Amino acid sequence: MELTSEERAILAGKHGEAPRRALQYQIEVGRFWGAKRLVPVTNVHMMGDIEVMGDAGLEYLREETRLEARCRVATTTNARCIDFALCDKLGQDPAEVAKERELIQCLRCMDAVTTDTCINYQTVYQPHLGEHVAWGDTGTVIYANSVFGARSNFESGPAAFAAALTGRTPEYGFHLSEHRKGTFAVELTAALEDLADWGAVGKLVGEAHQDYFAVPVFHGYRRTPMADELKHLGAALASYGSMAMFHFVGVTPEAPTDLGFLSEKMIVGEKEIQSVYSGYSLGDGDARLVVFSGPQQSLLEMKRLAELFHERRIKDGAACFVTTNGAVLAQSRALGYAGILEKAGVTILEGVCFYILQNLSPMRSRNRWTNMVSNSAKIVNIIGAHRFNTILRRTKECVEIACTGCLK
């Protein structure tokens, strides 16, 4: 790989042992992917929880702290696996809770901003067209590449952390213009009036094109999608298809206007959307768990849920979880949204995502949760390892299920 004078200095240890090791790791990653050089990044978003990192990851961060590692660029953290205010109520392991606290302190010692969010692009930082970043959550990466026109790959935990210490990342994949062009067209004729509908589109397109370098070009839709709609679309595309980018004609900055060069085309209409909803098994008919998570809720999603749960109550014996980050939760409390949800019996988890909750499988068994209903196509897909029978439903239907216990 071609190294700059500054990079050679880092590799020689002139800036400390931690960045030296980080750059050596990045060179190996770059060689694997055939990268010719490293590219400077302005922002890093990395995983930062004990459930994902484990004991080995925590020990690694301890060692990096002893080496006085420091983030060279602005670095934020993804959702945690523990809400410290509710860990006892949820029956989470006290030893793992203590490790999570230590892990957070390690990151803070290294100047990471522990935002604990998977919607950093909605609440913390929005990169610009052509800006190189090193982000590590699939939902954040596809949003950055597609909606903002920034450039990032799906960075693994060690890769994102290394980028934080060196301020650069190997130039391959979606950092290169050659991989950012549309590869097939998707005409949208369905109404798509709920966030779950957008997730259903992502499921349909992603399952049909499971390829990291597949880049769909959406067109034909009757209005401009909102941020949360694009969020659910991107999260589902990344989850079902491992895709890192999409174009939306007239909406995203790099979208082509002439689609004649695309030979492959597909159409997503009402029939296809309905086939997604009808494709889920209702299992044993149990309707005691409804989740609004994966990705975390924006302030506007919190407002919508408050409207739907107003003067209603979760059915006895049922549970409903909403996850969001600290900033959105603080605003939701100030605006009264959180109070309405909690009065209805909803449990709001701060700074976490439901599917990576520490001790989730024992929690499922203890509460005899068999089905999990959500309006997020992403979480319906990725939580399968915890042996839930998952069901995707529109937002209003999810609220109705939570309040009546009636699964349809």
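Residues numbered from 1 in each chain as written. Predicted model: local features only at pLDDT ≥ 70, side-chain atom pairs only at ≥ 80, totals over all residues. Heavy atoms only, no water.

**As for the sheet that holds strand S4 (residues 134–135)**
Reasoning step 1: A sheet is described by the order of its strands in space; here three strands give the open sequence S3-S2-S4, paired in parallel fashion. The sheet terminates laterally at strand S3 (74–77) and S4, the two strands that pair on one side only.
Reasoning step 2: Packing against the sheet, helix H7 (residues 157–166) makes contact with strand S2 (43–46), S3 and S4, and its axis sits at approximately 150 degrees to S2. (Pairing = 2+ DSSP bridges. Helix = DSSP H or I, 4+ residues; strand = E, 2+ residues; numbered from the N terminus. Contact = heavy atoms within 4.5 Å. Axes fitted to C-alpha atoms, helices over the stretch in contact; angles between N-to-C directions.)

**Re the pattern of salt bridges**
Reasoning step 1: Evaluated as defined, the whole model comprises 28 salt bridges.
Reasoning step 2: Glu301 is the salt-bridge partner of Lys231, the closest N and O atoms lying 2.5 Å from each other. Of this pair, Lys231 sits in helix H9 (residues 227–241) while Glu301 sits in helix H11 (residues 299–309); the two residues are 70 residues apart in sequence, bridging distant segments of the chain. In terms of burial, Lys231 and Glu301 fall into one category: buried.
Reasoning step 3: Here Asp286 ties to Arg288 by a salt bridge, and the two come within 2.6 Å at their closest N and O atoms.
Reasoning step 4: We classify Arg288 as partly exposed; its relative accessible area is 22%.
Reasoning step 5: If you follow the salt bridges from partner to partner, you end up with Glu6, Glu7, Arg72 and Arg168 in one network. (Salt bridge = Lys/Arg side-chain N within 4 Å of Asp/Glu carboxyl O. Buried < 20%, exposed > 50% of the residue type's maximum accessible area, 1.4 Å probe, protein only.)

**Considerations on empty space enclosed by the protein**
Reasoning step 1: Applying the stated criterion to the full structure yields two cavities of 30 Å³ or more.
Reasoning step 2: In this structure, the largest cavity encloses a volume near 70 Å³.
Reasoning step 3: Lining the largest cavity, in full, are Met47, Asn78, Ala79, Cys118, Asp137, Pro295, Cys353, Tyr355, Ile356 and Lys378.
Reasoning step 4: Looking at the lining of the largest cavity residue by residue, the classes come out as seven nonpolar, one polar and two charged.
Reasoning step 5: Here the lining of the largest cavity spans two domains, since at least three of its residues come from each of domain 1 (5–176) and domain 3 (283–404).
Reasoning step 6: Put simply, the second largest cavity is a space of about 40 Å³.
Reasoning step 7: Around the second largest cavity sit Cys118, Tyr121, Asp137, Gly139, Lys231, Ala235, Pro295 and Lys378, which together line it. (1 Å grid on protein atoms, 1.4 Å probe; cavity = no way out; pocket = protein on both sides within 12 Å on 5 of 7 lines; lining within 4 Å. Points joined across faces, edges and corners; volume = space filled by probe spheres on them. Nonpolar A, V, L, I, M, F, W, Y, C, P; charged D, E, K, R; others polar. Domains from an automatic or database assignment.)

**Concerning the domain arrangement of the protein**
Reasoning step 1: For the protein, the assigned domains read domain 1 (5–176), domain 2 (181–277) and domain 3 (283–404).
Reasoning step 2: Measuring from the centre of the C-alpha atoms in domain 1 to the corresponding centre in domain 3 gives 28 Å.
Reasoning step 3: Contacts between the two partners involve 24 residues from domain 1, matched on the other side by 21 residues from domain 3.
Reasoning step 4: Both faces combined, the contact of domain 1 with domain 3 buries some 1,800 Å², and carbon together with sulfur accounts for 56% of it. (Buried area = accessible area lost by both parts, 1.4 Å probe.)

**Side note on the nonpolar core**
Generally speaking, soluble globular proteins have nonpolar side chains that are buried together.
Reasoning step 1: Leu188, Val205, Phe218, Phe309 and Phe354 are the most contacted members of the largest nonpolar core, which has 85 residues in total.
Reasoning step 2: In contact with Phe218, not counting residues within four places along its chain, are Val186, Leu188, Val201, Val205, Leu233, Leu237, Phe246, His247, Phe248 and Val249.
Reasoning step 3: Among the nonpolar cores identified, the runner-up in size contains 30 residues, and Ala18, Leu107, Phe161 and Ile356 belong to it. (Core = buried A, V, L, I, M, F, W, Y, C linked by side-chain atoms within 4.5 Å.)

**Some remarks on the pairing of S3**
Reasoning step 1: Here four bridges tie S2 to S3, and the two strands are oriented parallel to one another. The residue bridging His45 from the neighbouring strand is Thr76, located in S3.
Reasoning step 2: A crossover links S2 with its parallel partner S3, the connecting element being helix H3 (residues 50–66), and its sense is right-handed. (Right-handed = clockwise from strand over helix to strand, strands pointing away.)

**A few points about the packing of aromatic side chains**
Reasoning step 1: Scanning all chains against the criterion turns up 16 aromatic pairs.
Reasoning step 2: Judged by centre distance (5.3 Å) and plane angle (55 degrees), the rings of Phe154 and Tyr212 are tilted. Of this pair, Phe154 sits in the loop between helix H6 (138–148) and H7 while Tyr212 is found in the loop between helix H8 (195–208) and strand S7 (216–219), placing the two residues 58 residues apart along the sequence.
Reasoning step 3: When its relative accessible area of 23% is taken as the criterion, Phe154 is described as partly exposed.
Reasoning step 4: Classification of Tyr212 as buried rests on a relative accessible area of 18%.
Reasoning step 5: Aromatic side chains Phe174 and Phe213 sit 5.6 Å apart centroid to centroid with 20 degrees between the ring planes, which places their arrangement in the stacked category. Here Phe174 is found in the loop between strand S5 (168–170) and strand S6 (184–188), whereas its partner Phe213 is found in the loop between H8 and S7, with 39 residues between them in sequence.
Reasoning step 6: For Phe174, a relative accessible area of 0% gives the class buried.
Reasoning step 7: An aromatic cluster of at least three residues, connected via ring pairs, comprises Trp198, Phe218, Tyr221, Phe246 and Phe248.
Reasoning step 8: The lysine or arginine in question, Arg101, covers the ring of Phe84, its NZ or CZ lying 4.2 Å from the ring centre. (Phe/Tyr/Trp six-rings, centres within 6.5 Å; stacked < 30°, edge-to-face > 60°. Lys NZ or Arg CZ within 6 Å of the ring centre and 35° of its normal.)

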